[in-house]
Amino acid sequence: MVSSCTTVMYPEKESDMSFSSEVKEELAKHISPARHCQIAELAALMNFSGQYGRSAEGDFMIGFQTENEAVVRKGFTLLKKAYNIDTVIGVKGQKKADLLAIMGDLSGPADTSLLKQACCRRAFIRGAFLSCGSISDPTKGYHLEFVCNNRTQAEQLQEIIGQFDIEAKIVCRKTVSYTHLRAHETLSDL
C-alpha cells in the first residue's frame, strides 16, 4: 500500500501576504532537534491544516491544505524526521497505526499529552501559526490571528498561548472561530 500526498494551495489575503509569508518562511526553516517537539509541531500542522484518508485504490493518504509551500515542505520534513516516513514510499503497518494514534481525529483538539513541556507548547503554537496564522505588517498595525476550524480548536490554542501568560481572544464569525492578539507587547512576546 503506497500513500500519495495531496496539497491544496490557497492564496493568502493580499494584505499581509508579504509579511506573513516572510514570517512563515522563517518559522518553516526551524526544525527542533527534539523528537517530542517535532511531534507537537506536526500535531498542530495536522490539526489545523492536515487531512488524511484513502485514495480510490485504498492507499492511505496524508496531505496539508495550506496557502504556503514552505508549510507543506515542513509538514513532510517533520513526518520524515519524527516518524521516518518517506512520503514517496508510503505509510503502512505500525508506522501508520502510530501516526493515527497520535494525530487522532483532526476535527477535535490535539492530544494534550503531546503538550506537557513548554518547548512542545511553543512548537505547537509555531505549527498552528504556520497552518492557520496571519500577522499584519507592524508598520500597518498590530494584529495576529489563527483561523481555526472550530471553536474547540480556538479554545485549545487560546489555552496553550495563555500558559505563556499571553492573553488571546476568541472571535466567532459565521462558522469560523479566530484566536487573535492585538497588543504590540503581546505579539512581541508570542
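In case you missed it, the structure is sitting above this.
Residues numbered from 1 in each chain as written. Predicted model: local features only at pLDDT ≥ 70, side-chain atom pairs only at ≥ 80, totals over all residues. Heavy atoms only, no water.

Observations regarding the state of the cysteines
Applying the stated criterion across every chain, the model contains zero disulfides. Cysteine Cys120 shares no disulfide, and the gap to the nearest cysteine sulfur, in Cys37, comes to 3.9 Å. The closest cysteine sulfur to the non-disulfide-bonded Cys172 is located on Cys148, 9.4 Å from its own sulfur. Of the residues examined, Cys172 reaches a relative accessible area of 43% and is grouped as partly exposed. (Disulfide = S-S within 2.5 Å. Buried < 20%, exposed > 50% of the residue type's maximum accessible area, 1.4 Å probe, protein only.)

Thoughts on the sheet that holds strand S6 (residues 169-173)
Strand order in the open sheet made by the four strands is S4-S5-S7-S6, with antiparallel pairing throughout. Every other strand in the sheet has two partners, leaving strand S4 (133-135) and S6 as the edge strands with one partner each. Averaged over all neighbouring strand pairs, the angle between strand axes comes to 25°, with direction disregarded. Two elements, strand S5 (residues 144-148) and strand S7 (residues 176-181), share five bridges in a ladder whose sense is antiparallel. Bridged to Val147 within S7 is Tyr178. (Pairing = 2+ DSSP bridges. Helix = DSSP H or I, 4+ residues; strand = E, 2+ residues; numbered from the N terminus. Axes fitted to C-alpha atoms, helices over the stretch in contact; angles between N-to-C directions.)

Some remarks on the packing of aromatic side chains
Taken as a whole, this structure holds three aromatic pairs when the rule is applied. On the numbers, 6.2 Å between centres and 85° between planes, the contact of Phe129 with Phe146 is edge-to-face. One end of the pair, Phe129, is in helix H5 (residues 118-132); the other, Phe146, is in strand S5, and 17 residues separate them in sequence. One exposure class covers both Phe129 and Phe146, and it is buried. Against the face of Phe129 rests Lys24, its NZ or CZ located 5.7 Å from the ring centre. (Phe/Tyr/Trp six-rings, centres within 6.5 Å; stacked < 30°, edge-to-face > 60°. Lys NZ or Arg CZ within 6 Å of the ring centre and 35° of its normal.)

Focus on the nonpolar core
Across soluble globular proteins, nonpolar side chains have a tendency to be buried as a group. Membership of the largest hydrophobic core comes to 46 residues, with the highest contact counts inside it found for Phe48, Phe124, Phe146 and Leu157. Listing elements by their share of this core, those giving two or more residues are helix H2 (35-49), strand S3 (60-65), helix H3 (69-83), H5, S5 and helix H6 (151-162). Counting residues per element, this core draws most heavily on H2, at nine residues. Look past the residues within four positions of Phe146 in its chain and what remains in contact with it is Ile125, Ala128, Phe129, Cys132, Gly133, Leu157, Ile161, Ser177, Tyr178, Thr179, Leu181 and Leu190. (Core = buried A, V, L, I, M, F, W, Y, C linked by side-chain atoms within 4.5 Å. Contact = heavy atoms within 4.5 Å.)

Details of the layout of surface pockets
By volume, the second largest pocket amounts to about 310 Å³. Mapped by element, the contributors of at least two residues to the lining of the second largest pocket are helix H1 (17-29), H5, S5 and helix H7 (184-189). Per-element tally for the lining of the second largest pocket: the top contributor is H5, with four residues. Residue composition of the lining of the second largest pocket, by class: eleven nonpolar, one polar and three charged. (1 Å grid on protein atoms, 1.4 Å probe; cavity = no way out; pocket = protein on both sides within 12 Å on 5 of 7 lines; lining within 4 Å. Points joined across faces, edges and corners; volume = space filled by probe spheres on them. Nonpolar A, V, L, I, M, F, W, Y, C, P; charged D, E, K, R; others polar.)

Some details on H5
The terminal C-alpha atoms of H5 lie 21 Å apart, and with 15 residues this matches the ideal 21 Å at 1.5 Å per residue to within 8%. Most of H5 sits out of view: twelve of its 15 residues are buried. Those residues of H5 that sit buried are Cys120, Arg121, Ala123, Phe124, Ile125, Arg126, Gly127, Ala128, Phe129, Leu130, Ser131 and Cys132. (Expected span 1.5 Å × (residues − 1).)

Details of the packing of H5 against H6
Where H5 meets H6, the closest approach of the two axes is 10 Å, and the angle between their N-to-C directions is 135°. Between H5 and H6, the angle falls in the class oblique. Remark: the crossing between H5 and H6 carries left-handed chirality. Contacts between H5 and H6 involve Arg121, Phe124, Ile125 and Ala128 from the former and Gln156, Leu157, Ile160 and Ile161 from the latter. (Parallel < 35°, antiparallel > 145°, perpendicular 65-115°, else oblique. Left-handed = near helix turned anticlockwise from the far one by under 90°.)

Description of H3
An ideal rise of 1.5 Å per residue puts 21 Å on 15 residues; H3 measures up with 21 Å between its terminal C-alpha atoms. Between the side-chain oxygen at the start of H3 and the backbone nitrogen of Ala70 there is a gap of 2.8 Å, and the oxygen is on Asn68. Count one or two residues on from H3 and you reach Asn84, which has phi positive near 55°. (Polar contact = N/O pair within 3.5 Å; in protein donor to acceptor, adjacent residues only side chain to side chain.)

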